[in-house]
Each structure stands twice: as C-alpha cells, then as structure tokens.
Amino acid sequence: MARTIVITSGKGGVGKTTTAASIAMGLAQKGHRTAVIDFDVGLRNLDLLMGCERRVVYDFVNVINGEAKINQALIRDKRSENLFILPASQTRDKDSLTQDGVGRVLEDLSKNFDYIVCDSPAGIERGATLAMYYADDAIVVTNPEISSVRDSDRMLGILASKSRRAEENDEPIREYLLLSRYSPKRVHNGDMLSVDDVQEILSTNLLGVIPESQSVLNASNAGTPIIMDQSSDAGQAYLDVVSRYLGDDLPQRFIELKKRSLFGRLFGG
C-alpha cells in the first residue's frame, strides 16, 4: 500500500507546488514508484512545473467522473521511469472533486505505487480539505513571516481534527514543517523570522529549510523540479528534505549567515 503525502499551507505563494514536484521527483530518483496529483482544480500548475503541460489529455476530474481510466490520465515523467503525474482540470471547478471519488482514485493508485504526493491548494477550500482527508503524512509549507506561520498553525489544527485518521481514531497524520524562501541575511537584519522563531510557534518536526534563490524561479520556468539542479543551494536543500523524510539524520543547512572572508570584508566581495 502506498503512503499518501499531502503538501499543504495556510496561504498561497509559499512554494507548495515547487515542493510537491521536488519531493515526488526525489522519491522517484531514490527508486520509489511515485505518483504526484494536482488537487488545484481550475488553475493547474503542477504540469507546468513538471514540464508535461503539452502531454495532458485526461485529468483528475475525468478519472473521478469515469470518463477515463487512471492509466489514461497518468503521465510518465520523461526523466524518471518511477514518476507519474496526474494533472488537475482547468475547465472544472472545485466542486468536481468528491470525497468518494478522490478516495477511489487514491485506492487505485495505492495498489501500484509506493508514494502518492498530493499538491494541495492553499487554505481550507474543498480541494485542500480533500487532499488532507486521506493523508498519512502532511508537509506544511510556510514562509518565515508571521502571517504565513499563523495560517500554518491553523492548518495543523485542521490536520489533527478533520482527517480520515482522526475520524476513525487511527494513528494521527505525521506532520512535518518545511520552511521556504529563507534568507539568513534578512533574519540577521530583523526583517524575517528565524528558524527558532518559527519552530517555537509551530512546535512541529522541521523537515527542511529551503533558501531564497533565483534558481527556483529559473527551474520553474524551465519545467524542471529544482531538486534536479544539484548545483543550487535550493536543489541541495530539497535533496536533504527527501533524505530526512526517508529516515536519514542530516543537519540543517543554509540557515546561517555566511561569513565573508577577510578579502571580502576589505573589498566588499
């Protein structure tokens, strides 16, 4: 049976889809058969970040409505034989997703996959609550700013109370925190919350810290998950995230302000 991971947040624009694409790719590269699903019906961005937007024929809603088989809608990633993408619909609305329909699709996928990564919309609208409902693990993505952290705290409360696991009095969803767009320099200047500040507020297992980086935008525009750019700090940070999720004990990187050399201090380099 597959383990279902929801990537969620309290507010938009924090890097959920970037995270979903990179974690799914990272798991696949480590030999795990992985499916990643776009739950953001009506917008659909995951296929763009994965570089497969021109290959979409059927989508998640088509499968739920019985208009296509799951194998017709899944798109195999060209870079990894273990990774498959199930895109969202751009022409339907959020009400097209039903609890029973989502459950059937996840159950079908769980027979053939090790991991199912759910790219959730922000907040608590229908697509988001359905993505969370069936989750075994939740990765809450937040930026180091007070409004984002506050909204993430609310999401943690919903995960603890409104999932299938909570309804059935089963083992709780495993919750992880991922801090994105982190800048040690801005923390040092007092313009951003520190890692310790965020952890003190949320008290959740820190899975990783993704540094603020132009390489993330460049990778998104190229239709490539940033985890594949191992020359970038952000790509290396996502590699660490996947390894930690799978059980490796790795120290956090990219959270300290880099000290300049004597030459740099003298000449401003």
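Residue indices begin from 1 for each chain and proceed along its sequence in written order. Note on the predicted model: pLDDT of at least 70 is required for a residue's local features to be given, and 80 or more for side-chain atom pairs to be given and counted; whole-chain, interface and lining totals, by contrast, use all residues. Water and hydrogen atoms play no part in the side-chain values, which are based on all heavy atoms of the structure.

A.B. asks: Which residues make up the overall build of the protein chain, and what values go with them?
C.D. replies: A helix here means a DSSP run of H or I that spans at least four residues, while a strand means a run of E at least two residues long, and both kinds are numbered starting from the N terminus. Each helix and strand counted, the protein chain has 13 helices and eight strands in total. Based on C-alpha atoms, the radius of gyration is set beside the globule rule, defined as 2.2 Å times the residue count to the power 0.38. For 269 residues, the compact-globule formula gives about 18 Å, and the C-alpha radius of gyration of the protein chain, at 19 Å, lands near that figure. In terms of its C-alpha atoms, the protein chain occupies a principal-axis envelope of roughly 65 × 40 × 35 Å. Burial analysis of the protein chain (269 residues in total) assigns 54% to the buried set. Put simply, of all contacts in the protein chain between residues at least 6 apart along the chain, 74% involve residues at least 24 apart. Only the protein chains shown count as cover for residues, with accessible areas throughout obtained via the Shrake-Rupley method and a probe of 1.4 Å. Summed over all atoms, the accessible surface of the protein chain reaches about 12,800 Å², with 44% contributed by carbon and sulfur. When charges are tallied, Lys and Arg are placed among the positive residues and Asp and Glu among the negative ones, while His and the ends of the chain are skipped. Charged side chains are reduced to one point each, which is NZ for Lys, CZ for Arg, CG for Asp and CD for Glu. One way to put it: in the protein chain the 32 positive side-chain charges average out to a point 5 Å from where the 37 negative ones average out. Per-residue accessibility, obtained with a 1.4 Å probe over protein chains only, is compared with the maximum for each type, and a residue is labelled buried under 20%, exposed over 50%, and partly exposed between these values. Residue contacts follow a heavy-atom distance rule, with two residues in contact if any of their heavy atoms lie within 4.5 Å.

A.B. asks: Account for the sheet that holds strand β2 (residues 34–38), with residues named and values stated.
C.D. replies: Pairing within the open sheet is mixed, and its eight strands lie in the order β3-β4-β2-β5-β1-β6-β7-β8. Only two strands of the sheet have a single partner each, and these edge strands are β3 (75–76) and β8 (205–211). Following DSSP output, two strands are said to pair if at least two bridges run between them. Bridge count for β3 against strand β4 (residues 83–86) is two bridges, and the pairing is antiparallel. By the bridge assignment, Ile-75 is partnered in β4 with Ile-85.

A.B. asks: Give a detailed account of the pattern of salt bridges, specifying residues and quantitative values.
C.D. replies: What makes a salt bridge here is a side-chain nitrogen of Lys or Arg within 4 Å of a carboxyl oxygen of Asp or Glu, nothing more. Within this structure, the stated rule accounts for 10 salt bridges. Its salt-bridge partner being Arg-3, residue Asp-137 comes within 2.8 Å of it at the nearest N-O pair. Of this pair, Asp-137 sits in strand β6 (residues 137–142) while Arg-3 is found in strand β1 (residues 3–8), placing the two residues 134 residues apart along the sequence. Accessibility expressed as a relative area gives 24% for Arg-3, which makes it partly exposed. Here Arg-253 makes a salt bridge to Asp-240, at a shortest N to O gap of 2.9 Å. Within this pair, whereas Arg-253 is found in the loop between α12 (233–245) and α13 (262–267), its partner Asp-240 is found in helix α12, the two being separated by 13 residues in sequence. Judged by relative accessible area, Arg-253 falls into the partly exposed class, the value being 33%. The network of salt bridges with common partners includes Arg-3, Asp-137 and Arg-174.

A.B. asks: Report on the nonpolar core, specifying residues and quantitative values.
C.D. replies: Of all hydrophobic cores here, the largest spans 47 residues; its most connected members are Phe-39, Phe-60, Leu-86, Leu-97, Val-102 and Leu-109. Among the elements that line this core, the one with the most residues is helix α7 (residues 146–161), at five residues. Sequence-distant contacts of Val-102, defined by excluding residues within four places in its chain, comprise Phe-39, Phe-60, Ile-64, Leu-97, Leu-130 and Tyr-134. Here, nonpolar core means buried Ala, Val, Leu, Ile, Met, Phe, Trp, Tyr and Cys residues that are tied together by side-chain atoms lying within 4.5 Å of each other.

A.B. asks: Can you tell me about the packing of aromatic side chains, naming the residues and giving the values?
C.D. replies: Any pair of Phe, Tyr and Trp rings, taking the six-membered ring for Trp, is counted once the centres come within 6.5 Å. Such a pair is stacked with planes under 30 degrees apart, edge-to-face with planes over 60 apart, and tilted for the rest. Considering all chains together, one arrives at five aromatic pairs under this definition. The interplanar angle of 80° and the centroid separation of 5.0 Å between the aromatic rings of Phe-39 and Phe-60 together place this pair among those described as edge-to-face. Here Phe-60 lies in helix α3 (residues 60–64) and Phe-39 lies in the loop between β2 and α2 (46–49), a separation of 21 residues in the sequence. Overall, Phe-39 belongs to the buried group, its relative accessible area being 0%. Each member of the aromatic cluster is reached from another via a ring pair, and the members are Tyr-115, Tyr-176 and Tyr-245. Each ring is checked for a lysine NZ or an arginine CZ that lies within 6 Å of its centre and within 35 degrees of its normal; such an atom marks a charge sitting over the ring. Sitting over the face of the ring of Phe-113, Arg-33 holds its NZ or CZ atom 4.6 Å from the ring centroid.

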